Structures are given as structure tokens and as C-alpha cells.
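Observations on the three-dimensional arrangement
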Amino acid sequence: MTSSNGDSEWRYVIRSGIEVGTRRWPIELTLTHRGGMACRMLLGRQALGEDVVVSPGESFCQPRLSHDVYHATPPARDG
């Protein structure tokens, strides 16, 4: 896999789903540490598909998600 800055690296790939508005479809995500970057996740052309239109002049078009779900979920137990 080649990263967004051009470096080659091995990454794990997981299958997940994406939901935008009322539409939902499967995508593949590659995992890498993006802690120091402004965007924690990038969606590329393959994930969006041919029938998705990107409006670069707009942002945060979806409702903001609540972080309450994370506080209600018990932490994972090791071992």
C-alpha cells in the first residue's frame, strides 16, 4: 500500500460498512496510525463509488454524531 504522502507500507485491511444519508454500502478500510494528522480517516474514490458526488465547497453535511455511545459501551477486557 502506498500512503497519502507516497511512502510504501504494509497495512491490515478490514471490511466495514459506510452509511451516508439513507444509503449504506460495504467498503474496505486500511488501518494505519493517523494520530498526528488533521483527518483521522480518509475515504477514497474506490470507497465512494462512481455514483457519489463530492461537493468540495461544503463540509459537515451529515448530522453530528453523539459520543454518548462510547461512554455507554463497557471497555474491552484483555485476555
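Refer to the structure printed above.
A brief structural summary. Everything numeric here is computed off the predicted structure, so don't read it as measured data.

Cut-offs and rules
- Residues numbered from 1 in each chain as written.
- Predicted model: local features only at pLDDT ≥ 70, side-chain atom pairs only at ≥ 80, totals over all residues.
- Heavy atoms only, no water.
- 1 Å grid on protein atoms, 1.4 Å probe; cavity = no way out; pocket = protein on both sides within 12 Å on 5 of 7 lines; lining within 4 Å.
- Points joined across faces, edges and corners; volume = space filled by probe spheres on them.
- Helix = DSSP H or I, 4+ residues; strand = E, 2+ residues; numbered from the N terminus.
- Nonpolar A, V, L, I, M, F, W, Y, C, P; charged D, E, K, R; others polar.
- Pairing = 2+ DSSP bridges.
- Salt bridge = Lys/Arg side-chain N within 4 Å of Asp/Glu carboxyl O.
- Buried < 20%, exposed > 50% of the residue type's maximum accessible area, 1.4 Å probe, protein only.

Let us now look at the layout of surface pockets. In this structure, the largest pocket encloses a volume near 1,600 Å³. Along the wall of the largest pocket there are 30 residues; nearest its centre are V20, L43, F60, C61 and Q62. Of all the secondary structure elements, the ones that give two or more residues to the lining of the largest pocket are β1 (12-20) and β2 (23-31). Classifying every residue of the lining of the largest pocket by side-chain character gives 19 nonpolar, 7 polar and 4 charged.

In this sheet, β2 lies alongside β1 in antiparallel orientation, the contact comprising 9 bridges. Paired with Y12 across the strands is L31, a residue of β2. Adjacent in sequence and paired antiparallel, β1 and β2 are bridged by 2 residues, among which G21 carries a positive phi angle near 65 degrees.

Glancing now at the pattern of salt bridges. Where charged atoms from two side chains of opposite charge approach closely, those side chains can pair. Taken as a whole and judged by the stated rule, the model has 3 salt bridges. Of the charged contacts, one joins E28 and R15 as a salt bridge, the two residues approaching to 3.7 Å between their closest N and O atoms. Residue E28 is found in strand β2, and its partner R15 is found in strand β1; the two are separated by 13 residues along the sequence. Here R24 makes a salt bridge to E19, at a shortest N to O gap of 3.6 Å. Exposure class is identical for R24 and E19. Each is exposed.

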